[in-house]
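Descriptive structure summary
Here are the chains, one letter per residue:
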Amino acid sequence: TAYQSISVDEESARNPRGPKRNDNRVRLMVIGFLVLALITTSFRALSRQNDDEEEAAGKYSNSRHINVPMPAGVNLGSWLSLEDWFYVGDNGAVEVASPDDAIAAACLPPLHLDSSTGPRWNSETDLLSGLAQHYKEEMDKDDETQSTLGGYPNNKKQSLGPWGKAVKTIHAFRSSYLDFEKELGTMASLGIKHVRVPVSWCWTDTDIDPDLHLVTKNETDPNNDDNWIYMDDEEVLEKYTCIDPFYDDVRWPAIPRGLVQRFLRACADHGIGATLDIHTYPGGTSIGTFSGVWPRYSRFWTHGDVPALDEGETPDVGRHILKNFIAYLESLAVKDPHAFRGFRALSPMNEPAHLATLYNGNPPIRTDRETFLPPLPSDKAAEYLNELNAGLESKPHLTKVPDGNHLRVMLWLRDAIDAFRQSSLPSMGKELHVNVHESLFPSEVLPKQEIKSDYGLNQAPMQLFGAWWRASTTPKERAKWAVLDIHHYYAWGSQCSGAVEGPPTGRFSCSDEDHRELVIDNCGAWASVYRSTIEKECEVGLRLASAEFSASTHHSVRHACNDVTTLKMMLETQVNMAAAADVELFWWSYKMPHGGAFRSAWSLKHLLYLLGVLPQPDEELFHCGDHIPAKGEPEDGSI
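Quick caveat, the model's predicted, so the values are computed rather than measured.

1. A few points about the state of the cysteines
For the structure shown, the criterion picks out 4 disulfides. Across the disulfide from Cys 107 sits Cys 624; the S-S distance is 1.9 Å. The chirality of the disulfide connecting Cys 107 with Cys 624 is left-handed, given an S-S dihedral of about -95°. Linking Cys 107 in the loop between strand 1 (73–75) and helix 4 (124–145) with Cys 624 in the segment after helix 20 (604–610), this pair joins segments that are 517 residues apart in sequence. The side chain of Cys 202 participates in a disulfide bridge whose partner is Cys 242; the two sulfur atoms lie 2.1 Å from each other. With the S-S dihedral at roughly 85°, the linkage between Cys 202 and Cys 242 falls on the right-handed side. In this pair, Cys 202 sits in the loop between strand 2 (194–199) and strand 3 (215–217) while Cys 242 sits in strand 5 (residues 241–243), placing the two residues 40 residues apart along the sequence. Among the residues examined, Cys 202 registers a relative accessible area of 0% and is labelled buried.

2. What to know about the packing of helix 16 (residues 513–524) against helix 18 (residues 564–580)
For the pair helix 16 and helix 18, the least separation of the axes is 9 Å and the interaxial angle reads 25°. Between helix 16 and helix 18, the crossing angle belongs to the class labelled roughly parallel. Handedness of the helix 16/helix 18 crossing: right-handed. Within the contact between the two elements, helix 16 uses Arg 516, Glu 517, Ile 520, Asp 521 and Gly 524 and helix 18 uses Thr 565, Thr 566, Met 569, Met 570, Thr 573 and Met 577. The class makeup of the residues in the contact of helix 16 with helix 18 is 4 nonpolar, 4 polar and 3 charged.

3. With respect to helix 17 (residues 526–538)
Side chains three or four residues apart in an α-helix point the same way, a direct result of the helix having 3.6 residues per turn. Here helix 17 spans 18 Å end to end across 13 residues, near enough to the 18 Å set by a 1.5 Å rise per residue. Listing the buried residues of helix 17 in full gives Trp 526, Ala 527, Val 529, Tyr 530, Arg 531, Thr 533, Ile 534, Glu 537 and Cys 538.

4. Some remarks on the pattern of salt bridges
Counted by the stated rule, this structure contains 28 salt bridges. For Asp 305, the salt bridge is made with Arg 319, and the minimal N-O distance between the two is 2.8 Å. One end of the pair, Asp 305, is in helix 9 (residues 300–311); the other, Arg 319, is in helix 10 (residues 317–335), with 14 residues separating them in the sequence. Both residues of the pair, Asp 305 and Arg 319, belong to the buried class. The partner of Glu 620 in a salt bridge is Lys 591, and the shortest N-O contact between them spans 3.9 Å. Of this pair, Glu 620 sits in the segment after helix 20 while Lys 591 sits in the loop between strand 14 (583–587) and helix 19 (599–602); the two residues are 29 residues apart in sequence, bridging distant segments of the chain. The partly exposed category is assigned to Glu 620, whose relative accessible area is 33%. Using a relative accessible area of 3% as the deciding quantity, one classes Lys 591 as buried. Connected through salt bridges with shared partners, the residues Asp 305, Asp 316, Arg 319, Glu 387, Arg 408, Arg 414 and Asp 415 form a single ionic network.

5. Here's the deal with helix 9
The end-to-end C-alpha separation of helix 9 is 15 Å, in line with the 16 Å expected for 12 residues at 1.5 Å each. Within helix 9, burial applies to Phe 300, Trp 301, Gly 304, Asp 305, Val 306, Pro 307, Ala 308 and Leu 309. If you follow the buried residues of helix 9, they end up packed against helix 10, helix 12 (378–388) and helix 13 (406–421). Gly 312 sits one or two positions beyond helix 9 and adopts a positive phi of about 75°.

Cut-offs and rules
Residues numbered from 1 in each chain as written. Predicted model: local features only at pLDDT ≥ 70, side-chain atom pairs only at ≥ 80, totals over all residues. Heavy atoms only, no water. Disulfide = S-S within 2.5 Å. Helix = DSSP H or I, 4+ residues; strand = E, 2+ residues; numbered from the N terminus. Buried < 20%, exposed > 50% of the residue type's maximum accessible area, 1.4 Å probe, protein only. Axes fitted to C-alpha atoms, helices over the stretch in contact; angles between N-to-C directions. Parallel < 35°, antiparallel > 145°, perpendicular 65-115°, else oblique. Left-handed = near helix turned anticlockwise from the far one by under 90°. Contact = heavy atoms within 4.5 Å. Nonpolar A, V, L, I, M, F, W, Y, C, P; charged D, E, K, R; others polar. Expected span 1.5 Å × (residues − 1). Salt bridge = Lys/Arg side-chain N within 4 Å of Asp/Glu carboxyl O.

Rendered as structure tokens:
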């Protein structure tokens, strides 16, 4: 029946009961108004309730976490410097430090989810090249099949090249990893005051916009929706990657400065201070997937520092990168003062020459390769030792720094401190957090301890670092802007680890309540031993940090304690004892939504969910790995 409009008079003529019907209409209208008023009032009340709930959720009031102490800081690990174990998916978690022959990472969401969208990968540079190869193979396959995937002819001029697609995939991850407003707001509400952001050495200087403009609209024909200009691979490689000077076939994905500055501005808005930690350098400064070049061997010291320092003719790549980075940070004070307010500190190198003691050309590891940390030339070593140990003849209570390969790292860090000292950053209230690692020293150079170390309270390497710190900084600097940083985990070493099956895999069994508490408490004294040992070498009044710690009791997640009681005890003990010793702690890491079983002990966000502090678990919409495409499942043609 076609619709027909009817006037009131026509309706009355057709319906002799019109007046009564009008009365009914009035009644219905009155009832409708009452219902509408009731609904409006209810919605207003519900809105006020939601506002109150959102405010309470935003503040995470003390009633929700009064019994959960918070560390002063957190890391945003594997965001701007990738590590494989953050991306193993639900079923891939095994070892925090992936073995030499393992390829653990399975994804980099949102664009790379599984074997159908890209490769498994070891490290950041391995991922970039693997993605480019994957996209090349996909494009070659489309050539053969004359694919029209995405609705466009398979014309390479109407598409990014393999490297452009790879860079786009990594940037899509970086730009979507963190909701600055929401997640920094949550951190601030929890009482977290600082974030440490591991970054690579490779940054763009050609594009200050946080979004990479790999694809732009052709302004000569703006009305044509299909008329885009795609940056060719040659330009992509020049602008958005860095060639590793020590590996001809290695490229690093560049970090857009604009993205970091936007992050720093958000930190300033939330009252959070950010430490930028140069986590990786060309060639890799250490062994492992976090080096950025793994499974390739570390070349920073052998191919970079040795030629530059020993022969003096090759450009000093490492020191040059650091000085340029300091200059960039200084420039923010004028060019982007808002971002400069969010910047708190610089960490010049992460865990320098970590594992040099094990990967030294001797059994049991890597006997087919020489050490990646060679010694200084004898004359330069003697000169530096004289500088470090000057005036100690009359001070027998202080430790002397011994000769050894470690001097190369100490000299590099001394120069890093001097570069920061000579900048304007200290006068503007910025800090330098200098990280060192005990695995730098072989056992034969360590001072003898009168009492055998137990519960991980090994003072010997701390004494050497304290002696070096005393010679490299002044008391005024140590009290103000120079912060010594030593990472500390229970997960490695037999003296503090716990395992579900107990000894000998771990010192305690997760289910043995008394022994568990005894070990965790005794090992928690590390923070006070750290302070007392360094102060003995440097006097009181200095600032100390431990920029990485977690609740993990074992480096293998299958052996580690994952019950909430143990995890809560690990968090509480370390935070409380570090606070008592005035050691600033940074949790590793705030989030790792694709870390599978690692999350309980390593993601603070997920642990706080398990403890009832945060309302949502640390997870995202996308799967990671293990996805088997169904027959006929569409591919993503937009890349």
